[in-house]
Amino acid sequence: MARTLCGANESRTLDQLRADVFAELLLGSNTDGSGAKADVHVYVDLTTLAGLNDDPAQLAGYGPIPASVAREIAEEPSSTWRRIVTDPLTGAPIDVG
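From a predicted model like this one, the values you see are computed outputs, not experimental measurements. (Residues numbered from 1 in each chain as written. Predicted model: local features only at pLDDT ≥ 70, side-chain atom pairs only at ≥ 80, totals over all residues. Heavy atoms only, no water.)

(A) Spotlight on the overall build of the chain. In terms of regular secondary structure, the chain is built from 4 helices and 5 strands. Reading the chain from its N end, one meets helices and strands in the order α-α-β-α-β-β-α-β-β. In the chain, which comprises 97 residues, the proportion classed as buried is 11%. At a minimum sequence separation of 6, the contacts of the chain that also span at least 24 residues come to 8%. For the chain, the exposed area adds up to about 7,800 Å²; of that, 56% sits on carbon and sulfur atoms. (Helix = DSSP H or I, 4+ residues; strand = E, 2+ residues; numbered from the N terminus. Buried < 20%, exposed > 50% of the residue type's maximum accessible area, 1.4 Å probe, protein only. Contact = heavy atoms within 4.5 Å. Areas by Shrake-Rupley, 256 points an atom, 1.4 Å probe, with all protein chains shown as cover.)

(B) The environment of Ala19, seen in detail. Mapped onto the secondary structure, Ala19 falls in helix 2 (residues 14-27). With a relative accessible area of 45%, Ala19 lands in the partly exposed category. It is 8.6 Å that separates the C-alpha atoms of Ala19 and Ala2, two residues lying 17 residues apart in sequence.

(C) Inspection of the environment of Val96 at higher detail. Position of Val96 relative to the elements: it lies in strand 5 (residues 93-96). With a relative accessible area of 59%, Val96 lands in the exposed category. Distance in space between the C-alpha atoms of Val96 and Val85 is 6.3 Å, their sequence separation being 11 residues. Non-local contacts of Val96, meaning those with residues more than four positions away in its chain, are made with Arg83 and Ile84.

(D) Highlighting helix 4 (residues 67-75). The set of residues buried in helix 4 consists of Ala67, Ala70, Arg71 and Ala74. End-on view of helix 4: buried residues confined to an arc of 95 degrees, all on one side of the axis. Considering only its buried residues, helix 4 is in contact with strand 1 (42-43), helix 3 (46-49), strand 2 (57-59) and strand 3 (63-65). (Arc of directions from axis to C-beta.)

(E) Layout of the side chain of Arg71. Within the secondary structure layout, Arg71 lies in helix 4. Arg71 sits in the buried class, given a relative accessible area of 17%. Aside from chain neighbours lying at most four places away, what touches Arg71 is Thr48, Leu49, Gly51, Asn53 and Asp54.

(F) Quick peek at the side chain of Thr48. The residue Thr48 is located in helix 3 in this model. Looking at Thr48, the relative accessible area reads 0%, which means it is buried. Polar side-chain contacts of Thr48 include one of 2.4 Å to the side chain of Asn53. For Thr48, the residues in contact, after removing those within four places along its chain, are Asn53, Asp55, Ala67 and Arg71. (Polar contact = N/O pair within 3.5 Å; in protein donor to acceptor, adjacent residues only side chain to side chain.)

Given below as structure tokens:
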């Protein structure tokens, strides 16, 4: 299935295509909202989320992602928000909501 996606306009490697095909099969690619849902944890500061700066966010299990991608995920209507306030000096959570 991954090989059928290879083409001149495809920038992903064959291994990346395989991973994407696997994820689609595992999670379902239904456009009607049915099927499995994935939890994606994005850690982003409020000023970046508000568009006041472009500091990178952190995608759990992956690493840094561009601020624009974090804002796109946050603006998705089906996104669920969990607020975690951290100490700016230590990074330790001080409030969860």
